[in-house]
Amino acid sequence: MHPIVRPIFVPCLVSLFVLAAALAPPAASQAPVPALEVGDSAGYGTELDLGVLLEPYLDMIREQDAMTDNLTIAALSATGSLDVWGVSEVTGAADPTVEITTDVVVGLDFHFALDATIDALPDPGTYTGTRDPYWGLCMYPGVPTSSRRITVDLDVRYLEVDSEVALHNASDLALRESTTNASVESLVTFVATGLPRIEMNDTTCEQTVAYETLNLRATADVDAQVRSVFAPALDRFDFPLEDGDAWCANATATFGGTVAGTIDVTGLDPEDEADLFEAIHEALSGTAGVVVTGLDGFPVDLAQITVLVGGVEYLADGTIHDVSTPVSSCYVASERQMTLADGQFHTVYEIASAPLPMDPYLPPGSAPYVATYYSPDDGMVVGYALVVPSGGTADPVFELRNVSPAEARSHIGTTKDQYAIQPAAAGDPVADLFLKSPYWGILVIVAAGILVAALLLRRRRRPTSGPPAPPPPP
């Protein structure tokens, strides 16, 4: 070798080997079952400015206002915040089991205001139509219209605090059983003026148009304890994890627990309240064999509700009797690189659950899914996300990012203080609405959704006997 080449040959050769190693595809790796010890922990969470997230949608509404003469918006705003924080810690590690305690808090504060004038709204009054002589249907007349002002103010405050103690197999981290204690406080106020109310009477062929003001207040302060046992243990990890692993976890889950408390709504007239509970019963009776009693008016005392399914008592006197049901979940694991709480890249496994049920016409592979992120370096779950595939990529639209356990615990404390429902002032009759009692947070959300739907969909038909159906035309 030429003397001039020798000094640079070896360094260049080493550099080529290093470069080749860097560019070569990584060898497949495995994540074994972690050897967890008491005190191991992981934190995750997020804080969102809802005003920033919703502003683009408000701009779209404002653009519609600018493009049409039928709508004039004087004021439109949506502000608020959402905090979700959690921390998981190994609180027991005595083979053959591992105990993991997870504390989670959810806080929501949301405000929406609208002041708008809408053209061509029907004038108030009663309008009589005519009946079609052949079909017997009511033919309602054209109703005069004019411009009318509508105002809406909606305020929502919600705080949920959950604590779960879960027992896993030490050999594969499959879930054996868990006990979750949950408490929920919520306060919703809805004030609106100029809301149209249209009623049709098919017996008299009359259509009545009126405008009303609503001033509603809904409250809940509830707790629950839910116990679950899985046989066999539910294997949600399928260790050793590898990139591309796909598996299903099957078990029979038995649930039980306690539930009680009150949910109340003030400001509804008796007719609207009856309609609301009629809608709730219709929704519940959609499942064959379900009979619900004690759910007939506000305030709702959860300890007085009884649920029968196929003649079997599942809920009574605040006790959830043992309910067994098959559980089957399928997962796919993908190796990822993610920045964790220490600011460094780490290898993690995204464990994707089965896609959420969405529009059946969505292209294959584009349905959203919930992702769990497992870190082999931590031996624990370090975050969660709602992922929406699009254009060949899968980006989280909502993510509980990894943070240090200390930061997560700090946020849990501040969230409890920030979103706590303050008691009403002395002498205020709504003070009686805040009665401490156990309940599920999910039922509060479902009830609130039904309530909002009942308030916004004001148009309804009254049941009438009506004339008999006409014969088919010749």
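Predicted, not measured: the structure shown is a model, and the values here were computed from it.

Draft legend 1. Expanded view of the overall build of the protein. In terms of regular secondary structure, the protein is built from five helices and 23 strands. Taken as a whole, the protein presents about 25,600 Å² of accessible surface, with 61% of it coming from carbon and sulfur.

Draft legend 2. Quick look at helix α4 (residues 405–418). The terminal C-alpha atoms of α4 lie 20 Å apart, and with 14 residues this matches the ideal 20 Å at 1.5 Å per residue to within 8%. Buried within α4 we find A408, H411, I412 and T415. Down the axis of α4, the buried side of the element spans an arc of 110°, and every buried residue falls inside it. Facing away from the buried surface of α4 by more than 90 degrees, the exposed residues are A406 and D417.

Draft legend 3. Spotlight on the pattern of salt bridges. In the structure shown here, the tally under the stated rule is eleven salt bridges. Residues R409 and E89 are paired through a salt bridge, measuring 2.6 Å at the closest nitrogen-oxygen approach. Of the two residues, R409 sits in helix α4 while E89 sits in strand β3 (residues 71–94), which places them 320 residues apart along the sequence. With relative accessibility at 27%, the residue E89 sits in the partly exposed group. A salt bridge links R197 to D269, with the nearest nitrogen and oxygen atoms 3.7 Å apart. Of this pair, R197 sits in strand β9 (residues 175–201) while D269 sits in the loop between β13 (262–266) and α3 (270–284), placing them 72 residues apart in sequence. The exposure class assigned to R197 is buried, which follows from its relative accessible area of 9%. Each of R197, E199, E212, D269, E271 and D272 takes part in salt bridges that share partners, so that together they form one network.

Draft legend 4. Spatial organisation of a nonpolar patch on the surface. Nonpolar side chains collect at one region of the surface, where Y134, W135 and L137 lie side by side and expose about 330 Å² of accessible area between them. In this structure, W135 sits in the loop between β6 (130–131) and β7 (138–139).

Draft legend 5. Layout of the packing of aromatic side chains. Applying the stated criterion to the full structure yields seven aromatic pairs. On the basis of an interplanar angle of 15° and a centroid distance of 5.4 Å, the ring pair of F237 and F239 is categorised as stacked. F239 matches F237 in its accessibility class, with the two residues each being buried. Here a set of aromatic residues connected by ring pairs shows up, and it is made of F237, F239 and Y374. The ring of Y211 has R148 sitting right over it, with the charged end atom 4.0 Å from the ring centre.

Draft legend 6. Here's a closer look at the side chain of E350. Along the polypeptide, E350 turns up in strand β19 (residues 345–353). At a separation of 3.0 Å, a polar atom in the side chain of E350 contacts the side chain of Y369. A distance of 3.0 Å separates a polar atom in the side chain of E350 from a polar atom in the side chain of Y373. Ignoring anything within four residues of it in the chain, the contact list for E350 reads V332, A333, S334, R336, Y369, A371, T372, Y373 and V387.

Draft legend 7. Region of the structure containing the state of the cysteines. Per the stated rule, a full pass over the model turns up two disulfides. Through a disulfide, C138 is tied to C205; the S-S separation comes to 2.1 Å. With the S-S bond torsion at -85°, the cross-link from C138 to C205 turns out left-handed. Taken together, the positions of C138 in strand β7 and C205 in the loop between β9 and β10 (206–234) put the pair 67 residues apart, joining distant regions of the chain. Of the residues examined, C205 reaches a relative accessible area of 4% and is grouped as buried. Across the disulfide from C248 sits C330; the S-S distance is 2.0 Å. Handedness here is read from the sign of the S-S torsion; for C248 and C330, about 95°, the answer is right-handed. Linking C248 in strand β12 (residues 246–260) with C330 in strand β18 (residues 319–339), this pair joins segments that are 82 residues apart in sequence. For the protein, the disulfide bridges join cysteines in the arrangement 1-2, 3-4, where the cysteines are counted in sequence order.

Draft legend 8. The arrangement of unusual backbone geometry in detail. Residues A231 and P232 are joined by a peptide bond in cis, for which omega reads -10°. Counting through the fold element by element, P232 comes out in strand β10. Following F239, the chain continues to P240 via a peptide bond in cis, the omega torsion being -5°. Positive phi, close to 60°, is recorded for A120, a residue that is not glycine. If you trace the backbone, A120 turns up in strand β4 (residues 97–122).

Draft legend 9. Spatial organisation of the environment of D155. Mapping D155 onto the fold places it in strand β8 (residues 145–169). With relative accessibility at 29%, the residue D155 sits in the partly exposed group. The spatial distance from the C-alpha of D155 to the C-alpha of D109 is 7.6 Å, given a sequence separation of 46 residues. When near neighbours in sequence (up to four residues on either side) are disregarded, D155 contacts F110, H111, L187, V188 and T189.

Criteria and cut-off values
- Residues numbered from 1 in each chain as written.
- Predicted model: local features only at pLDDT ≥ 70, side-chain atom pairs only at ≥ 80, totals over all residues.
- Heavy atoms only, no water.
- Helix = DSSP H or I, 4+ residues; strand = E, 2+ residues; numbered from the N terminus.
- Areas by Shrake-Rupley, 256 points an atom, 1.4 Å probe, with all protein chains shown as cover.
- Expected span 1.5 Å × (residues − 1).
- Buried < 20%, exposed > 50% of the residue type's maximum accessible area, 1.4 Å probe, protein only.
- Arc of directions from axis to C-beta.
- Salt bridge = Lys/Arg side-chain N within 4 Å of Asp/Glu carboxyl O.
- Patch = residues over 30% accessible without salt bridge, like charges linked within 9 Å, V, L, I, M, F, W, Y side chains within 5 Å.
- Phe/Tyr/Trp six-rings, centres within 6.5 Å; stacked < 30°, edge-to-face > 60°.
- Lys NZ or Arg CZ within 6 Å of the ring centre and 35° of its normal.
- Polar contact = N/O pair within 3.5 Å; in protein donor to acceptor, adjacent residues only side chain to side chain.
- Contact = heavy atoms within 4.5 Å.
- Disulfide = S-S within 2.5 Å.

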